[in-house]
Amino acid sequence: MPIGGFVISIDPSMEKPILKNLERFGDIEIHGTDDSGNIVAVIDTATSDEMEKLVKTLSRMDGILTVGLTYFNAEDEIEKIEAGEFVPKISFGKKNN
Amino acid sequence: MGLSRREFIKRTAALSAASYVGMHLPFSLEGKARAADADRWVRGSCRLCGVGCRVDLGIKNGKAVALRGVPESRTNLGYVCMKGMLFYKILGHPERLTKPLYRSTKTDKFKEISWDQALDIAAKQFADSVRKHGSDSVAYYGSGQALTEETYLFQKIMRGGLQTNNVEGNPRLCMASAVGGYLTSFGADEPIGGYADIDQASCFFIIGSNMAEAHPVVFRRVMKRKLDNPNAVKIINVDPRISPTSRIADMHLQFKPGTDLAILNAMAYVILEEKLYDEEFISNYSTFRQSKKVEVDFDTYRKFISDYSPENAAETCGGNITADNIRQAARWFAKSNGTVSMWTMGINQRKRGVWANNLIHNLHILTGQLLKPGADSLSLTGQPNACGGVREGGGLCHILPGHRLVKKEKLRNQVELAWGIPKGRIPPKPGYHTMAMFSAINAGKIKAIWVHCTSPAQSLPNADLYRKGMKREDVFIVTTDIFPTKTTELANLVLPTAFHFEKTGVYGCTERRSQITPKAVDPPAGARPEVWIVREWALRLARELNDPVIKKCVEPFIGKEESFDLPKAIWDEYSQKLTKGRDNDLRGATYDVLMKMADGVQWPAPTEEFALTGGTVKKFVRGMDPMADSEARDDKPYQFYGPAHPDRKLWIWLRPQQGPAETPDAEYPFYLSTGRIIDHWHTTSMTGRIPELMRANPYAFVEINPKDAAKLGIKPGDMVEVKSRRGTNVLPAKIYEGPIQGMVFVYWHDMFEDRMINRVTKDAYDPGSKEPEFKICACRIRKVSGPKPLKPYIVS
């Protein structure tokens, strides 16, 4: 289960509604905010695929300017993939179109 | 109470993010065991763009399990993008190449062979070709992703050993025009300043670059500067397509493709008309040039620029361009406390890419927006080592290591002396540039080519034409790569290599900064570092051709351990012998120093003592650049000692508007442009194998302006044929208020034949830089069906 540390940069005038919106996502922990529009958050998702999707969703939200990743740990997911307990959902092949 | 392992990692993640913005959190991990996180962290550079972000790779039980940005790094200040965060998944990927593969004819299936067999075959094929057809029948085509040690050693064997300058690389496709621009405007390649200027700039002029997607970490820095100073900092974005970069702009100038030179000249017009230029700077440090040999005066330049009134330019450029917004852009540019221009392929990949670069530099020279904090004309590089390895290390057909021109005998002799090979060994004639090289393959003139760490079968413009040559049975193709690609499909010999962090070497990023990445994990069994491959190949070549000079080229490296000692010996030779006294003097950037520095060294850095300060933040400025002091000819604060301008001046160029090689007409009424998407890197041979990135953008699509789509009855998701005089794609439509009306845009990463847009692009190129005009050609579009289910495709 990957864990990421993020600095989410926002329009400071929209801090309250953005924080309220972020509360709707169970995978996001808010650790702090400041007056310059920085939100320190930790995202903990079931897969890194889900984290990627969540980051994209956040990036598109009103008032959010960037979602900057600073730390990423995926040890658990790697162990699961190696143990055959989790298979990434995508596959490739020459016959695909 | 003890923390669980996951709680520990979460707190680590939170503290890491908080430290970047100076936020204090109500907990710390002082005194807690660190083993839950990683056994050890190895510091290196990210591999997936030219920014040069520094990262720590977390290793546990010999495997990469985590990644974090390096806050002390002046390149990325600790931030990394999602693409960078996931690159570690390439390490140990099940589709990695691990065995040398060989087939004598291209219709055969590959069979696995041993490394000894593979190297014997490669040596015999190149030796046979040289014996039968001469030295210029062989070629090397490399990459801005190869380590400097790799590019340097390859080109040494080709030039000093096999006596050919047929040494090229994919940076010809992306930044050759920037090289031409810097050399002709400033007399020296690569930018004067760097990213540090972003933090002090008051105006950003972003032209022909979607840096939000292609260079997200630098974009974040620009945005931070803007957010901290919302009124004082202005951002001008100039692009025919509205992109994610445009959303932070105070002004977006959307123009008809190929009319950028008119906009830039019109801004110069306003600067002259409103006397916004820096007269003292111009008279002290610049001249006006009509050609290399024809110098003109300010009045001649003024007369030339009089054709480019904002009113005239607005008419030429179309789109939303008005005389008023050109005037406003020029005022912001000239009057700010510091202006930084940034551009990428939108400027470089043009039939007149060098001219476009010159005209950006003109604006900086005219206004004196150079050499001071917060001001620079900063070309962003696309690949992690296009600057360090290829531009500096001698990776193009006309340049030797240390920014030396092949055609200058004195400079060739310096290299021959450094290598200890006979004088006259390096041929005087530059080799084939990229498009000429692949044309020579088509013509059967090149019989053996080594393609390293790149996929020209997908990345060349008008790709079908050049794939014909690569399919010829009388052309022997060796590839070195980590995954199968569209080019390995056309190869005879495929050699599996070690990946980033599985070997040691140096990358040089956009801002003259060299950074080391040491080996952190073992490559998959069977994959080898390229420097070992080249050394062993050269020893066999020497035996095949009975030529002791070839052996001499690798003699200093024989017996060296391959993961650290061998690349160190190569770097030592290059940096100590080949950059000594050159403008990219790297003698102070030894492996010892590079291993100590969080973020490497900016050249020139002639001594270790100076390199340990970080090197030269601003080139040409006395007191900041040691060469500006050692090469000074007078008391002026700026000294332009670059090798290309003997008059030691900055050159303001008279360059007229010139359109693209192909413009729309009745048969092909649309402009086609191409570019990158945030999730993917180049031809997706790597990022396409990372499920998270591939799922986000599994296939290319064609962006169509809503007004054009309505006229043609095209709806979102419809399958659309994009056809040019060269080829056809069929892609799903994205109806998007992005491209200007009359233009469509396609991402170029997709490997699937029907969505491989370089089958459609044009292979016209800049006559100076020889860089192709990927960004503009004519096409027509039509709906062929409604939406269809699609699947991603990767060569396997």
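Small disclaimer: the values here were computed from a predicted structure and weren't measured.

Bringing the overall build of chain B into the picture now. For chain B, the count of helices and strands is 27 helices and 29 strands. Computed over its C-alpha atoms, the radius of gyration of chain B comes to 26 Å, within 12% of the 28 Å expected for a compact globule of 796 residues. With the principal axes as the frame, chain B shows a C-alpha extent of 75 × 70 × 70 Å. Buried positions account for 64% of the 796 residues belonging to chain B. For chain B, long-range pairs separated by at least 24 residues make up 72% of all intrachain contacts whose partners lie at least 6 apart in sequence.

The next point concerns the overall build of chain A. When helices and strands are counted, chain A shows three helices and four strands. When the helices and strands of chain A are read in sequence order from the N terminus, they spell out β-α-β-β-α-β-α. Residue burial in chain A is summarised as follows: out of 97 residues, 39% are buried. For chain A, the share of sequence-separated contacts (at least 6 apart) that also reach a separation of at least 24 residues comes to 67%.

Okay, the domain arrangement of chain B next. Residues and elements named next belong to chain B. Considered domain by domain, chain B is made up of domain 1 (1–32), domain 2 (101–172 + 404–583), domain 3 (176–380) and domain 4 (670–785). If you average the C-alpha positions of domain 3 and of domain 4, the two centres end up 27 Å apart. Taken residue by residue, the interface counts 26 residues in domain 3 and 23 residues in domain 4. Contributions of two or more residues to the side of domain 3 that touches domain 4 are made by helix H5 (176–186), helix H6 (211–214), helix H13 (345–348) and helix H14 (353–367). Per-element tally for the side of domain 3 that touches domain 4: the top contributor is H5, with four residues. Taken together, the residues of the side of domain 3 that touches domain 4 break down into nine nonpolar, 11 polar and six charged.

The next subject is the sheet that holds strand S6 (residues 138–142) of chain B. All names here are of chain B. Ordered in space as S5-S4-S19-S18-S17-S6-S7, the seven strands form an open sheet in which the pairing is mixed. Only two strands of the sheet have a single neighbouring strand rather than two, namely strand S5 (111–112) and strand S7 (167–169). Note that strand S4 (residues 101–102) and S5 share two bridges and pair antiparallel. Residue pairing in the sheet places Tyr102 in a bridge with Lys111 of S5. Each of S4, S6, strand S17 (448–452), strand S18 (476–481) and strand S19 (493–496) touches helix H3 (residues 115–133); the most contacted strand, S19, lies at about 135° to it.

This paragraph deals with the packing of helix H8 (residues 260–273) of chain B against helix H11 (residues 310–317) of chain B. Residue and element names in this part refer to chain B. Packing of H8 against H11 leaves a shortest axis separation of 9 Å and a crossing angle of 165°. With respect to H11, the element H8 is oriented roughly antiparallel. Crossing angle aside, the handedness with which H8 passes H11 is left-handed. Judged by residue contacts, Ala262, Ile263, Ala266, Tyr269 and Val270 of H8 engage Pro310, Ala313, Thr316 and Cys317 from H11. Looking at the contact of H8 with H11, its residues break down into eight nonpolar, one polar and no charged.

As a further point, take the packing of H8 of chain B against H14 of chain B. The angle between the axes and the distance between the axes are what describe a pair of packed helices. Residues and elements named next belong to chain B. Across the interface, H8 lies against H14 with an axial gap of 9 Å and an inter-helix angle of 15°. When the axes of H8 and H14 are compared, the pair comes out roughly parallel. The handedness of the crossing between H8 and H14 is left-handed. Between H8, through Asp260, Leu261, Leu264, Asn265, Met267, Ala268 and Ile271, and H14, the contact on the second element is made entirely by Trp355, Ala356, Leu359, Ile360, Asn362, Leu363, Leu366 and Thr367. Grouping the constituent residues of the contact of H8 with H14 by class yields 11 nonpolar, three polar and one charged.

Another aspect to go through is helix H16 (residues 409–419) of chain B. Residue and element names in this part refer to chain B. Restricting attention to buried positions, one finds in H16 the residues Leu411, Arg412, Gln414, Val415 and Trp419. All buried residues of H16 lie within an arc of 155° about the axis, which places them on one face of the element. Exposed and oriented more than 90 degrees from the buried face of H16 are Glu409, Lys410 and Leu417. In this structure, the buried residues of H16 make contact with helix H4 (148–161), strand S15 (399–400), strand S16 (404–405), helix H21 (548–554) and helix H22 (565–578). Phi turns positive, to about 70°, at Gly420, one or two residues after H16.

Take the pairing of S17 of chain B next. Residues and elements named next belong to chain B. The buried count for S17 comes to five of five residues, which makes it a mostly enclosed element. In S17, alternate side chains face the same way, and those of Ala448, Trp450 and His452 on one face and Ile449 and Val451 on the other are all buried. In this sheet, S17 lies alongside S6 in parallel orientation, the contact comprising four bridges. Following the sheet pairing, Tyr140 is matched in S17 by Trp450. Sheet topology note: the S17/S18 ladder contains five bridges and is parallel. Each residue of the ladder has a partner; that of Trp450, found in S18, is Val478.

We now examine the sheet that holds strand S4 (residues 64–73) of chain A. Strand order in the open sheet formed by seven strands is S2(A)-S3(A)-S1(A)-S4(A)-S3(B)-S2(B)-S1(B), and the pairing between neighbours is antiparallel. Only two strands of the sheet have a single partner each, and these edge strands are strand S2 (28–33) of chain A together with strand S1 (40–45) of chain B. When strand polarity is set aside, the average angle formed by the axes of neighbouring strands in this sheet is 30°. One ladder, built from three bridges, connects S4 of chain A with strand S3 (residues 63–69) of chain B; its direction is antiparallel. When the sheet's bridge partners are listed, Phe72 of chain A is paired in S3 of chain B with Leu67 of chain B. Helix H1 (residues 15–23) of chain A contacts strand S1 (3–10), S2 and S4 of chain A of the sheet and is inclined by roughly 155° relative to S2 of chain A.

Let us look at unusual backbone geometry. Only a minority of non-glycine residues have a phi that is not negative, and only a minority of peptide bonds are not trans. Residue and element names in this part refer to chain B. That bond from Trp603 to Pro604 is cis: its omega, 0°, falls within 30 degrees of zero. For Pro604, the position within the fold is in the loop between strand S22 (601–602) and helix H24 (608–611). Phi is positive for Leu77, close to 50°, though the residue is something other than glycine. Mapped onto the fold, Leu77 is located in the loop between S3 and helix H2 (82–85). In this structure Leu77 comes out as buried when scored by C-beta crowding, with 22 C-beta atoms within 10 Å.

Three or four residues apart is the spacing at which side chains of an α-helix point the same way, because the helix has 3.6 residues per turn. All names here are of chain B. In this model H14 runs 22 Å from its N-terminal to its C-terminal C-alpha over 15 residues, within 8% of the 21 Å that 1.5 Å per residue would give. For H14, the buried fraction is high: 15 of the 15 residues fall into the buried class. Downstream of H14 by one or two residues, Gly368 has phi in the positive range, about 70°.

A separate point is the nonpolar core. Residue and element names in this part refer to chain B. Counting residues in hydrophobic clusters, the biggest one holds 269 residues, and the most contacted among them are Ile263, Met267, Val744 and Val746. Per-element accounting of this core gives the leading share, 10 residues, to H8. With sequence-adjacent residues up to four places away left out, Val744 is seen in contact with Phe670, Leu672, Val702, Glu703, Ile704, Val722, Pro739, Cys779 and Ile781.

Now for the environment of Met345 of chain B. Residue and element names in this part refer to chain B. Within the secondary structure layout, Met345 lies in helix H13. Accessibility expressed as a C-beta count within 10 Å gives 26 for Met345, which makes it buried. Remark: the alpha-carbon pair of Met345 and Ile235, spanning 110 residues in sequence, is separated by 19 Å. Every residue in contact with Met345, bar those within four places of it in the chain, is listed here: Cys174, Gly208, Gly382, Phe774 and Lys775.

The rules behind each value
Residues numbered from 1 in each chain as written. Chains lettered and ligands numbered in written order. Predicted model: local features only at pLDDT ≥ 70, side-chain atom pairs only at ≥ 80, totals over all residues. Helix = DSSP H or I, 4+ residues; strand = E, 2+ residues; numbered from the N terminus. Rg over C-alpha atoms; globule rule 2.2 N^0.38 Å. Buried ≥ 20, exposed ≤ 12 C-beta atoms within 10 Å, placed from the backbone. Contact = placed C-beta atoms within 7 Å. Domains from an automatic or database assignment. Nonpolar A, V, L, I, M, F, W, Y, C, P; charged D, E, K, R; others polar. Pairing = 2+ DSSP bridges. Axes fitted to C-alpha atoms, helices over the stretch in contact; angles between N-to-C directions. Parallel < 35°, antiparallel > 145°, perpendicular 65-115°, else oblique. Left-handed = near helix turned anticlockwise from the far one by under 90°. Arc of directions from axis to C-beta. Expected span 1.5 Å × (residues − 1). Core = buried A, V, L, I, M, F, W, Y, C linked by C-beta atoms within 7 Å.

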